[in-house]
Amino acid sequence: MSEWVLAYHGFDPAAEGLREALCTLANGYQGTRGAAPESAADDVHYPGTYIAGVYNRLSSDVAGRIVQNEDLVNVPNWLPTTFRIEGGDWFDLAGVDILDYRQTLDLRRGMLTRLIRFRDGAERVTRLAERRLVSMADPHVAALQTTLEPENWSGRVEVRCALDGRVTTDGVARYRSLNGDHLVPVADGHNGDVMWLQVETQQSRVRIAEAARVGVEGAARVDRGFDRADGWVGTLLTLDVAAGTPVTVQKVVAIYTSRDPGISESLEAARVGADRAGDFDALLNRHALAWRRMWGRSSITVDGSGDLALNVHLFHLLQVCSDHVADLDVGMPARGLHGEAYRGHVFWDELFAFPFLNTHFPLVARSLLMYRYRRLPAARWAAGEAGYAGAMFPWQSGSDGDEETQRVHLNPKSGRWLPDNSRLQRHVNVAIAYNVWQYYQATGDMQFLCHYGGELILDIARFLSSLASYNRVTDRYEITGVMGPDEYHDAYPDSDHPGVDNNSYTNVMTVWVMRRAFDVLRLLPEQRRLELRECLALGGAELERFADICHRMYVPFRDGMVEAFQGYGDLAELDWDGLRARHGDIRRLDRVLESEGDSPNRYQASKQAGGLAMLSYLLSDQEITDILHDLGYDCDDECIERTIAYNLARTSHGSTLSAAVYTWVLARRDPERAWGFFRDALASDLADMQGGTTREGIHLGAMAATVDLVRRGYTGMRLGEDAMRLDPRLPDGLDTMSMEFRYRGHTGTLTFHRDRLTLDLHQSELTPMTIVVGGRTESVRPGQTTELPLPPDRC
Ligand code: BGC
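I will try to describe carefully the structure that is included in this document. As the structure is a computational prediction, the values presented were derived from the model and not from experiment.

Two side chains of opposite charge can pair, provided their charged atoms sit close to one another. Applying the stated criterion to the full structure yields 62 salt bridges. Between Arg580 and Asp577 there is a salt bridge; the shortest N-O distance is 3.9 Å. You can see Arg580 and its partner Asp577 sitting in helix α13 (residues 576–583), 3 residues apart, about one turn around the helix. Residue classification places Arg580 among the partly exposed residues on the basis of a relative accessible area of 42%. Here the residues in one salt-bridge network are Arg57, Glu70, Asp400 and Glu404, joined through shared partners.

Following this line, the structure appears as structure tokens:
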């Protein structure tokens, strides 16, 4: 196992689901789980394929009520490829002696390989070698190459390749009572060596077409036949093979949908695409080059090499947020294109990917923001319906920006369906505004700010301002009835109203958004500012209210600490040890307590970093104290430290995001503890730390956060309008770290040593870039390499 290869030896049915998720190949447009090509969905395998943004809504009868769910659809499986020898059974791992089994994911080239040597019941020994890619060069193309080599026999082999549209969206056990039957067959056929299948999603009416070109090399004789059924089309090859002579079957697949630009019709595009795509090696060449370019822009080298877990994280982030996303109307699904957990919905998790995307793939970052911008009308409608102004973006978003959060969810531990109030996480709006602002800071993209970003920030500010109510008695603004990032508190104990009051993260960030609204108005050229104010009918009285909120927002304090939300300190202390003794892993405390007839709402126990820890993740201590100071609160360093320690002691880390946030927050406070959290964050999917959830899709937010932790955490990088600020602190035992970056049009390489840093700014026609390190400001010309000494205490 090198830092570039994820390798598995031996077939392990129990771990297959996890491997499938971790070996998913994707390119931003499409993703296919690393499932065995001969497999169909069963207790061991789940060969899912997903196309970014292809959702469908269905009704289901759940616990006696009709609910609607929108899913990222499992589209026709393009993988099916199997074989049988001399008319025997179709290949099945369970039906042969496995002599050798190796599966490797080559991260550098984005290629999945499986090598199997097996003996069948007739003592025939055969080698099977598969190579698979989902092209990073051509987003519509995927390919599978299968090589069979008889070792001690010669004879007849039948190979069956298919496109299977009879699949359902059924990969997550706890959603199985929901309807997953999204596809309706439309057309199928074949011509020459190409076969095709077209289906349509039931409600969203997206047509999905797949065409496969199937070729053979190395066989003495080839007979080709075709077979079909509704929603399924297959090619049957009958081959004469000889001992010691490998025979190779190539399946080159093109996938298009009716959502795609630049085509006349999806089926025609797929047929032409499969016909014109080159053979496997030519495709691999272009694909590997595309990956080389992506890694060239984004890899991080630490002491001359990398780290496997970090590379896996970056690999999956690049697969979901590749350059191809720049042309699509899609958000970043929390679980990638890797599985069906959370039904492929888009949450706030992109917040953890934006810092990386802004500096490495700014067009992708912009495209993810445009996904939100296009859904402004839905957000405005939702705000109005709920009695608010401005734009209220949904906690879970899918095709059209409506709220997709389920109304009830299943606790697999108790088997009970429970009300789901998580839609009250209004802080998702804060995340969108924050992402717009950070994107602008990193890129200086004034066009975007003028035409889209400014409007997003102002309309979100307007919503948050209307969410806040003025309390005459206290002379403070309050935000009541919400949920913070800590999902374990969705109501006060015994209350019949959902939500809690004055979540400190939401309240402080609301002030932060108001401040940015003024920044936007300051930055926009006068004409655009007037246009936007007119178009949004944003008058002086409303701006006065924004300003007033900046001085009068309520933030709950208790015992000299910032309280997670108002009344949190009145809740009971949890018996953590007792629960651990009874249940072992209590990360998902909500499920554990509910199964005991209890609820986390009664306790000072949080799912993940919220409150001040989350504020510290997004803002500098200085920014936090400034905001609080303007609100009339004193919170010095000691108050911040005590609050973080208090909350950390009461957090179960039931979300993978939690370890990432605490790594950041503790990095400079308690490096040893931070390192422990960092290792946890790196292991969360590779070691399936959330108790079996990774098989349902990777946790992309946490993966992105770990990449960012190294990039910004070690370097202290902050991007502002005027300069890039760096405050590097390499961890003990690490001597150099090198990374590429993009900042306001500039590209370059930063190399950090313990005593100095080098900035190599690539040649361009841009004006010099300003960099601030250790209180020293330097202006660097494009094409220039500068070395800056670091103060000794940095290391
Ligand atoms: C976390 C959320 C996150 C969601 C999707 C939940 O478990 O609590 O913060 O957005 O997963 O990843």
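Let us keep going from here.
Its place among the elements puts Asp590 in helix α14 (residues 589–595). Among all residues touching Asp590, those that are not within four sequence positions of it are Tyr488 and Pro600.

This part covers the site of the ligand. Neighbouring the ligand are Ala334, Tyr342, Phe347, Trp348, Asp349, Trp395, Glu487, Lys607, Gln608, Ser655 and Leu657. Here Trp348 contributes a side-chain N or O atom positioned 2.9 Å from an oxygen atom of the ligand. When the ligand is considered free in solution it has 310 Å² of accessible area, and contact with the protein chains removes 94% of it.

Here we take up the nonpolar core. A general trend in soluble globular proteins is that nonpolar side chains are found buried together. The biggest cluster of nonpolar side chains holds 215 residues, and the ones touching the most others in it are Trp348 and Leu750. Contacts of Trp348, omitting those with residues within four sequence positions, involve Trp395, His427, Val428, Ala431, Pro485, Tyr505, Gln608, Met614 and Leu657.

Here we come to the sheet that holds strand β28 (residues 736–743). If you walk across this open sheet you meet the 5 strands as β19-β28-β29-β30-β33, and the pairing is antiparallel. Two strands lie at the open edges of the sheet, namely β19 (300–302) and β33 (785–789), each paired on one side alone. When strand polarity is set aside, the average angle formed by the axes of neighbouring strands in this sheet is 20°. The pairing of β28 with strand β29 (residues 746–753) spans 8 bridges and is classified as antiparallel. For Ser738, the partnering residue across the bridge sits in β29 and is Thr751.

A few words now on the sheet that holds strand β26 (residues 718–719). Here 4 strands make up an open sheet; going across it, the order is β26-β27-β31-β32 and the pairing mixed. Two strands close off the open sheet at either side, each with one partner strand: β26 and β32 (776–780). Here β26 pairs with strand β27 (residues 724–726) via 2 bridges, running antiparallel. Counted as the bridge partner of Arg718 is Arg725 from β27.

Before going further, it helps to spend a moment on the packing of helix α7 (residues 376–385) against helix α9 (residues 446–467). Between α7 and α9, the least distance of the axes is 11 Å, while the angle of their chain directions is 10°. When the interaxial angle is binned, α7 and α9 end up roughly parallel. In this structure, α7 uses Leu376, Arg380 and Ala383 to contact α9, whose residues at the interface are Glu455, Leu456, Asp459 and Phe463.

Here the focus is the state of the cysteines. Two cysteines form a disulfide when their sulfur atoms are joined by a covalent bond. With the rule as written, the count across this model stands at 1 disulfide. Disulfide pairing is shown between Cys635 and Cys639; the S-S distance is 2.1 Å. Judged by the sign of its S-S torsion, about -85°, the cystine formed by Cys635 and Cys639 is left-handed. Like Cys635, the residue Cys639 is buried in the burial classification. Free cysteine Cys23: the closest other cysteine sulfur is in Cys321, separated by 19 Å. Since its relative accessible area comes to 0%, Cys23 is described here as buried.

Right, let's talk about the packing of aromatic side chains for a bit. Following the criterion strictly, the structure yields 28 aromatic pairs and no others. Between Tyr388 and Phe463, the ring centres sit 5.5 Å apart and the planes meet at 80°, which makes this aromatic pair edge-to-face. Residue Tyr388 is found in the loop between α7 and β20 (408–411), and its partner Phe463 is found in helix α9; the two are separated by 75 residues along the sequence. The buried category is assigned to Phe463, whose relative accessible area is 0%.

What helix α16 (residues 621–630) keeps buried is the set Ile624, Thr625, Ile627 and Leu628. For α16, the angular spread of buried residues about the axis comes to 160°, placing them on one side. Of the exposed residues in α16, the ones pointing more than 90 degrees away from its buried face are Gln622 and His629. Structurally, α16 contributes buried residues whose contacts are with α10 (504–523), β24 (557–558), α15 (611–618) and α17 (637–648). Positive phi shows up at Gly632, right after α16, with a value of about 90°.

In this structure, strand β8 (residues 97–106) lies alongside strand β9 (residues 111–119), joined through 9 bridges in antiparallel fashion. Paired with Leu105 across the two strands is Leu112, which belongs to β9. Where β8 folds back on β9, the antiparallel hairpin that results is connected by 4 residues, among which Gly110 adopts a positive phi of roughly 65°. One ladder, built from 8 bridges, connects β9 with strand β10 (residues 125–134); its direction is antiparallel. By the bridge assignment for β10, Leu112 is matched with Arg132. The antiparallel pairing of β9 with β10 creates a hairpin that spans 5 residues between the two strands, and Glu123 there sits at a positive phi of about 65°.

What counts, and at which threshold
Residue positions are counted from 1 within each chain, in the order its sequence is given. Totals for whole chains, interfaces and linings use every residue, but because this is a predicted model, local features are given only for residues with pLDDT of at least 70 and side-chain atom pairs only at 80 or more, for both listing and counting. Side-chain numbers here rest on the full set of heavy atoms in the structure, without hydrogens or water. We define a salt bridge as a contact between a side-chain nitrogen of Lys or Arg and a carboxyl oxygen of Asp or Glu at a distance within 4 Å. Where helices and strands are cited, they refer to DSSP runs of H or I of at least four residues and of E of at least two residues respectively, numbered from the N terminus. Here the term buried applies to any residue with accessible area under 20% of the maximum for its type, exposed to any over 50%, and partly exposed to those in between, with areas from a 1.4 Å probe on protein chains only. Throughout, a contact is declared for two residues whenever any of their heavy atoms are within 4.5 Å. Any residue with a non-hydrogen atom lying within 4 Å of a molecule or strand is treated as near it. Identification of polar contacts relies on pairs of N or O atoms within 3.5 Å, with a donor-acceptor requirement for protein atoms, meaning one able to donate a hydrogen and the other able to accept it, and with residues adjacent in sequence counted only if both atoms are side-chain atoms. For the accessible areas, the method is Shrake-Rupley and the probe is 1.4 Å, while residue cover comes only from the protein chains on display. Remark: nonpolar core denotes a set of buried residues (Ala, Val, Leu, Ile, Met, Phe, Trp, Tyr, Cys) joined through side-chain atoms within 4.5 Å. By the convention used here, strands pair only if DSSP detects at least 2 bridges between them. The axes used here are C-alpha line fits, helices contributing only the stretch in contact, and every angle between their N-to-C directions lies in the interval 0 to 180 degrees. Here roughly perpendicular refers to angles of 65 to 115 degrees, roughly parallel to angles under 35, roughly antiparallel to angles over 145, and oblique to all remaining angles. Disulfide assignment relies on a single distance test, namely cysteine sulfur atoms paired within 2.5 Å. Pairs were defined over the aromatic rings of Phe, Tyr and Trp, the Trp ring being its six-membered one, requiring ring centres within 6.5 Å. Orientation was assigned from the angle between planes: stacked under 30 degrees, edge-to-face over 60, tilted for the rest. In this description, one arc is meant: the one made by directions from the helix axis to the C-beta atoms.

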